[in-house]
Structures are given as C-alpha cells and as structure tokens.
Amino acid sequence: MPKDTTSDASGAPSRRSLQPAAASDLRDETLLAHVGNDPQRHFGIVNPPVYHASTVLYPTLAAFKRRFEQRYTGVTYGIHGTPTTFALADAVAAVEGGYKAVVVSSGLAAIRTALCAFVKSGDHVLAADTVYGPTRHFCEKALLPLGIDTTYYDPALGEGIESLFRPNTRVLFLESPGSLTFEVQDVPALARAARAREIVTILDNTWGTPLYFKPFEHGVDVSVQAGTKYIAGHSDVMLGVITVNTEEHFRRIKDTVALYGDCPGPDDCYLALRGLRTMAVRLARHHASALQVARWLHDRPEVRRVLYPALPSDAGHALWRRDFKGACGLFGVLLRAEDEGAIARMVDPLRLFKLGASWGGYESLIIPAFPNETRTVRRWSEPGYLLRLHVGLEHPGDLIEDLRLGFDRLNGAPG
Ligand SMILES: Cc1ncc(COP(=O)(O)O)c(C=O)c1O
C-alpha cells in the first residue's frame, strides 16, 4: 500500500481530507483555495494526486469482507471513488454549503442519478417547463416508459405549485434561471411547499454555481450541476456533481450511482478540482463582462430584449437580487430580425463568439435557441430570433466590437 494512503482500524484504505463541516467558518474564496487538499498525506505536495484505480488491495480476508460497510466513506473499488474524486466532492460540497457531494461522469448523469434515486414506478415528478432539454427528454423517454409520469409547470409558479401536487408526487425538479429563456424561479417558495408534503426538491444549479446560489439556504434537498461548465471552466472536461443536505440522501445517491455503474475519470476530477480553485475570480470576471455586454446589447436598436436576470429590466431581476450572489456569463438576446440568412451573415463571421454547445469555459460562445422545441406550458410566443450568448474571459471591449461588426453585417454592410 502506498505510504500516502491512510488506513482505518480494519486496515482498509480510508478517506481523509478536510471535510466541509470543519471549514464552515471560512469564506467561499478561502474554501476554494483549500478544501479537498491534504498535503500532509501527499509528501507535502499541494494538489492531490490523480489516483488511477480499479483494484484496491486489502491487507486481510476480514478487511476485504468489510468493504461493503465502508462503501459510503472508504476507498473500496475504483468505481466507488478515489481520494481524487473525494477531494473534488468535498470541495464542491463545502462551497455550495451542502452536507456531502458525489461526482459523476456528466451533468446529465447527475440529473439522471438524482431523479432515479428518488422515484420508482407509479410515482409522479413535477419539473419546470424551462428545464434543460435533455432533462425533459430523460423524463419522457426513460422515466415515462417505466411508469413514472412527469408534469411540467410554469416556472413563474411559487407556492401555487401546491395545486399540482398529487398523492404520488415524489420529486419537484427546478432549474433557475431556466434554460434558454432564463426565467428565475421562486426557489424558497417552491421548496417550502414541497417540504410540507415531504416531496424531494432537486435543483439544477449549473447557472447559479455553488458560489452564486446557495441551494440549501433556500430549502433545496439535492443540487445537481454540470461540473462541465464553470467548475472545470476550461471547455475540456465532462463531469457532474450532486450535492445533498443529509446523510440519508447521500447514501441514496451513492447507492444509485453504484447501481448504474457511473464513474467519472480521475484525470477529469483532477482538472475540475484545479478549475474550481480559480472559480471565484473567473466568475467575477464573467459576471462583470456579461453585464457590460448585456447593457450594451440592451441599448442596441436591433435588440428586442436581453434575457439576463442581472439586468434591472429583466422580469426575474427582483428574485435574482433577493436570492443570488452573482450572475454567470450566460444569457439570451432576442433580436428584432427574424430572417435566418441575415442572422447567419451576422453570426458566421464573428471573430470571438464561436458557435458551439455547452458554456462555462473561458471563451465566448453564441448559438441559436429554440425554446418551443421543448416547451408545453409556457410556450415562447415573442417575435424575433433568439440567440444564447456565453460571455467568456476576453476583454469585454473586444467582445462588444465583435458584436458591433456583426450588427453592421446584419444591417447590410458587406461581411
Ligand atoms: C443547465 C444545464 N444543466 C445540465 C447540463 C448538462 O451538462 P453536461 O453537458 O455535463 O451533461 C447542461 C449542459 O449544457 C446545462 O446547460
């Protein structure tokens, strides 16, 4: 067994790093710089090593037989986590203000795992009409054939959600702000109503991030997020994180992850932990630059509306101000123009805003958005062409210039 691995009394390898509870007096930026690291265990080296593991060796027959008892905390087999995975999980849980976290292989895997941990055949799920498209596809294409029915609700509903509860409703799924159109939900009101009926609240907190929205202060039970986005932050990792508020929920999630055989790659966990260390400074820059670009767009005659909760003109601004500590770099822009040919003349030659899915990396992105492809309750009826922008870490002046030249082309200037 390597010298830098601790053992518990049974001799089985065990986990030991700064736990979230031990760091509760520290501010977020400080937590980001330290939680999950344990240099004393690794020859004084600051960052935890990347453990590539399938087999884990045990010193005795008795220790090997006890490994199932240790599956929630110990290093027992590669698929159940290594010190690298645990370091990342501990760090996210600490910053998000949760009890513990589990890392999985993608954001969508986090959503799927969290949903499946709490529902069985015959149960009912309530999901915001504005959830990430693949979340909805999972409900329709995977849960429905198993006899688990989902009702979609207007994201503007607060405590009124009660009227949609059924005796068999087990999960209330939120995403705030919603995908593509960025409606802010009244999370505390929704979570309060659900808790009164012992319905588990799951929130997709990818936009809010563990820094800018604290789900457990607002009554949420389970927070899922795509670590792919701001946690990793460099457009090179697929990862999901599920953070929970109790040991019971932690065990349920761990058991479900084990059932599905989900396993994040160790190098990806390392990269995500490395990304997490700088998340506060990156996000502050994303917020400031996105606000500057959004304000500029708001004043452009070609723009009908900017969909960004951090803008005072946004319908969700009051809720955002009340509940969030910041805003990330992702927002929508509704153009007055509708002709796709003209919009392609604007978008295709952009130098800095590149066309590509995902977001949360250091670079700026732009894609068309078609909310009605996945909406049934709150159909999108505004005229115009919707674009989704991710404002990266470039200089905002350069980004604005890129868009200004794009508007010139939209208005007929040669490309
Ligand atoms: C809000 C939201 N949740 C979850 C995901 C899924 O993350 P991943 O791409 O890691 O599966 C995405 C991806 O775009 C997203 O935008």
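What comes next concerns the included structure. Since the structure is predicted, the reported quantities are computational estimates derived from the model, not experimental observations.

Considering helix α12 (residues 340-347)
Then step 1. Every buried residue of α12 is accounted for by Ala342, Ile343, Met346 and Val347. Looking straight down α12, one finds its buried side chains confined to an arc of 130°; they lie on one side.
Then step 2. Buried positions along α12 lie against β9 (330-335), β10 (365-368), β11 (385-390) and α13 (396-410).

Digging into the sheet that holds strand β1 (residues 100-104)
Then step 1. Taken in spatial order, the seven strands line up as β1-β7-β6-β5-β4-β2-β3 in an open sheet, and their pairing is mixed. Strand pairing shows two members of the sheet lacking a second neighbour, β1 and β3 (149-153), which therefore form its edges. Within this sheet the neighbouring strands show an average axis-to-axis angle of 20°, counted without direction.
Then step 2. Note that strand β5 (residues 200-204) and strand β6 (residues 222-226) share three bridges and pair parallel. Along β6, the bridge assignment pairs Leu203 with Ser223.
Then step 3. Relative to the sheet, helix α3 (residues 83-96) contacts β1, β6 and β7 (240-244), its axis offset from that of β1 by approximately 130°.
Then step 4. Of the strands in this sheet, β3, β4 (169-175) and β5 touch helix α6 (residues 187-196), which is tilted by about 175° from β4.

Notes on the sheet that holds β9
Then step 1. Taken in spatial order, the four strands make up an open sheet running β8-β9-β11-β10, and their pairing is antiparallel. The open sheet has two edge strands, β8 (303-307) and β10, and neither has a second partner. Strand-to-strand, the axes of this sheet are offset by a mean angle of 25°, without reference to chain direction.
Then step 2. The pairing of β9 with β11 spans six bridges and is classified as antiparallel.

Here we look at the pattern of salt bridges
Then step 1. Under the definition given, this model contains 19 salt bridges.
Then step 2. Taking the shortest distance from any N to any O, the salt bridge between Lys214 and Asp28 comes out at 2.8 Å. Of this pair, Lys214 sits in the loop between α7 (209-212) and β6 while Asp28 sits in helix α1 (residues 28-34), placing them 186 residues apart in sequence.
Then step 3. Given a relative accessible area of 7%, Lys214 falls into the buried group.
Then step 4. Where Arg378 meets Glu183, a salt bridge forms, and the shortest distance between an N and an O atom there is 3.8 Å. Pair noted here: Arg378 is in the loop between β10 and β11 and Glu183 is in the loop between β4 and α6, with a separation of 195 residues, a long-range link.
Then step 5. By relative accessible area, Arg378 is classed as partly exposed at 32%.
Then step 6. Taking the relative accessible area as the measure of exposure, Glu183 reaches 14% and is therefore buried.
Then step 7. Salt bridges sharing partners connect three or more residues here, namely Lys100, Glu247 and Arg251.

A few points about the pairing of β3
Then step 1. Within β3, four of the five residues are buried, which leaves the element mostly enclosed by the surrounding structure.
Then step 2. Where strand β2 (residues 124-128) and β3 come together, five bridges link them in parallel fashion. Across the sheet, the residue bridging to Leu126 is Thr151, located in β3.
Then step 3. In the classification by handedness, the crossover that spans β2, the intervening helix α5 (residues 133-143) and the parallel β3 is right-handed.

Regarding α6
Then step 1. In terms of burial, α6 is largely enclosed, as seven of its 10 residues are buried.
Then step 2. Along α6, the residues that are buried comprise Val187, Pro188, Ala189, Leu190, Ala191, Ala193 and Ala194.
Then step 3. Elements that come into contact with the buried residues of α6 comprise β3, β4, β5 and α11 (317-323).
Then step 4. A positive phi of about 55° marks Glu198, the residue just after α6.

Conventions used here
- Residues numbered from 1 in each chain as written.
- Predicted model: local features only at pLDDT ≥ 70, side-chain atom pairs only at ≥ 80, totals over all residues.
- Heavy atoms only, no water.
- Buried < 20%, exposed > 50% of the residue type's maximum accessible area, 1.4 Å probe, protein only.
- Helix = DSSP H or I, 4+ residues; strand = E, 2+ residues; numbered from the N terminus.
- Arc of directions from axis to C-beta.
- Contact = heavy atoms within 4.5 Å.
- Pairing = 2+ DSSP bridges.
- Axes fitted to C-alpha atoms, helices over the stretch in contact; angles between N-to-C directions.
- Salt bridge = Lys/Arg side-chain N within 4 Å of Asp/Glu carboxyl O.
- Right-handed = clockwise from strand over helix to strand, strands pointing away.

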